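Residue-level structural notes
Residue strings, one per chain:
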Amino acid sequence: MLQGLRNDTARDEASFRVTNPDGAHALAVGIDAPLDVEIAGHVGYYCGGMNKWARIVIDGNAGPGVGENMMSGLIHVRGDASQCAGATAHGGLLLIDGNASARCGISMKGVDIVVKGDIGHLSGFMGQTGRLVAFGDAGEALGDSLYEARIYVRGKVESFGADCIEKELRDEHRAELFALLRQAGEAHRVDVSEFRRYGSARKLYNFHIDNTGAY
């Protein structure tokens, strides 16, 4: 059930509340306007896909591909997210209050993803640009075949993927992380110094015979 609620704001935005979603797929997909959308319950595949401008709040868990290919705006999952959260996303903020499953941020292209729990295996796989932040632990093969996306993990990392290494957390990165956490409403609840930074070793940018086994 969709309820349309009109707001008398300066930008004359519209607000919508989706009730009883019952795990439906492709809810709030392809929005290209500054709307507020609240979904009261769990959602299925690809919720908020291709989002542009909208603020989408999911009051439950999200199935695979939440925020897939989003361009801007905010998607806030107040539960857990299944695999491939934020896949190929170009911009905006994907905020997940719980855990995210495998391949979180796969092929991310500029999106910021903040996960307050753990992230599963192959998270950040082929990440090109953007930031992926996990308050908890990371699974196997973190950042496999990473390009220039930055990954911040507060907990332990089970293993690194090809070409992913730990990098120094300098003051500029602490400032970047603090600004991102402030955007997510967590700036003064978490100490940025507790995070470690991971990125690309840049050894797979060009083919080299010594790295054949990593391709």
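On a predicted model such as this, the values are computed, not experimentally measured, just so you know.

A separate point is the overall build of the chain. Tallying secondary structure elements over the chain gives one helix and eleven strands in all. Taken from the N to the C terminus, the helices and strands of the chain come in the order β-β-β-β-β-β-β-β-β-β-α-β. Out of the 215 residues belonging to the chain, those deemed buried represent 50%. In the chain, the proportion of contacts linking residues at least 24 apart, taken out of those at least 6 apart, comes to 19%. Roughly 10000 Å² of accessible area belongs to the chain as shown, and the carbon and sulfur atoms make up 49% of that amount.

In this fold, G139 is placed in the loop between β8 (129–134) and β9 (150–153). Assessed through its relative accessible area of 12%, G139 is described here as buried. Separated by 17 residues in the primary sequence, G139 and L122 have C-alpha atoms spaced 7.1 Å apart. When residues no more than four places from it in sequence are discounted, the contact partners of G139 are I119, G120, H121, V157, E158 and S159.

Parameters and conventions
- Residues numbered from 1 in each chain as written.
- Predicted model: local features only at pLDDT ≥ 70, side-chain atom pairs only at ≥ 80, totals over all residues.
- Heavy atoms only, no water.
- Helix = DSSP H or I, 4+ residues; strand = E, 2+ residues; numbered from the N terminus.
- Buried < 20%, exposed > 50% of the residue type's maximum accessible area, 1.4 Å probe, protein only.
- Contact = heavy atoms within 4.5 Å.
- Areas by Shrake-Rupley, 256 points an atom, 1.4 Å probe, with all protein chains shown as cover.

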